Amino acid sequence: MLAENLSRVEERIQAACARAGRRRGEVTLIAVTKVFPAQAIVDAYALGLREFGENYVQEFESKFPQLPELPGAHVHLIGHLQSNKSRRAVELFHTIQTVDSGKLARRLNEQAEGTLEVFLEVKLSGEEAKHGAAPEELPALIEAVSACPRLRLRGLMTMPPWTEDAEPSRPYFRRLRQLAGAHGMSALSMGMSNDFEVAIEEGATHIRVGTALFGRRVKK
Ligand SMILES: *Cc1c(COP(=O)(O)O)cnc(C)c1O
């Protein structure tokens, strides 16, 4: 199942790269394993995946002890981070994709042991997304992160309002690319199962894919 899903996703990525005149190597596939058991990570790793995304600190904390050593695996926090969970987050994750305030950045910087990669989460959709910095807040946020020696700023992350169709996401992806360009950043984390082809066409460097790999998540 997973192997078939992965090859279908891989074909979709390659087709989108071909349409956009991009190389496959420019796009990193992050396997989003939220809600699925630790075994999903192990299975995906066995198929060659190395980048993983989890939404909740506590959920990944409970899976972590069940994981064997997975050399080269890299885990991204892609869900909102509450500041009281930041200490555990820096221990568990290699990349925090949801930095949206200077205060959170400074806290992560104080608590990080080594270098921590970060993306800034940008809210582009008015009231629909609860988290993320507004585009106007980016200059101050970038300055705050730049003053944090342990944080390595990679780029921007966003999540458009969910739609079944991919096209409605395009303007959001385009806007994120423009914002990143305006601030001299190149990494763009955007695109999920329903819209990652459009994200790749608009310059995504990191796509976050759950359902298309692991199937539908059953809410508990
Ligand atoms: C759940 C989630 C994803 C993956 O979504 P799918 O539609 O299952 O591919 C990607 N990014 C974020 C931030 C998520 O919360």
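Being a predicted model, the structure only gives us computed values, none of them experimental.

Novice: When you look at the overall build of the protein chain in this model, what are you seeing that I'm missing?
Specialist: Looking only at helices and strands, the protein chain features 9 helices and 8 strands. Taken against the 2.2 N^0.38 rule, which gives 17 Å for 220 residues, the C-alpha radius of gyration of the protein chain at 17 Å falls within 12% of a compact globule. Principal-axis analysis of the C-alpha atoms gives the protein chain an extent of 45 × 40 × 30 Å. Residue burial in the protein chain is summarised as follows: out of 220 residues, 55% are buried. Once local pairs closer than 6 in sequence are excluded, the contacts in the protein chain between residues at least 24 apart make up 56%. As displayed, the protein chain has an accessible area near 10900 Å², and 49% of this comes from carbon and sulfur atoms. Between the mean site of the 29 positive side-chain charges and the mean site of the 28 negative ones, the protein chain shows a separation of 2 Å.

Novice: Got a minute to help me understand the site of the ligand in this structure?
Specialist: The ligand sits among 13 residues. The nearest are Lys 34, Asn 55, Ser 193, Thr 211 and Arg 217. In the model, an oxygen atom of the ligand is placed 2.5 Å from a nitrogen or oxygen of the Thr 211 side chain. Relative to its unbound accessible area of 390 Å², the ligand is 94% covered by the protein chains. For the shell around the ligand, the class distribution of residues is 6 nonpolar, 4 polar and 3 charged.

Novice: Please explain unusual backbone geometry as it appears in this structure.
Specialist: Most peptide bonds adopt trans geometry, and most residues besides glycine take a negative phi value. Positive phi values are uncommon outside glycine, yet Val 35 reaches one of about 75°. Assignment of secondary structure puts Val 35 in the loop between β1 (28–32) and α2 (38–46).

What counts and how
Residues numbered from 1 in each chain as written. Predicted model: local features only at pLDDT ≥ 70, side-chain atom pairs only at ≥ 80, totals over all residues. Heavy atoms only, no water. Helix = DSSP H or I, 4+ residues; strand = E, 2+ residues; numbered from the N terminus. Rg over C-alpha atoms; globule rule 2.2 N^0.38 Å. Buried < 20%, exposed > 50% of the residue type's maximum accessible area, 1.4 Å probe, protein only. Contact = heavy atoms within 4.5 Å. Areas by Shrake-Rupley, 256 points an atom, 1.4 Å probe, with all protein chains shown as cover. Lys, Arg positive; Asp, Glu negative; His and termini not counted. Charge placed at Lys NZ, Arg CZ, Asp CG, Glu CD. Near = heavy atom within 4 Å. Polar contact = N/O pair within 3.5 Å; in protein donor to acceptor, adjacent residues only side chain to side chain. Nonpolar A, V, L, I, M, F, W, Y, C, P; charged D, E, K, R; others polar.

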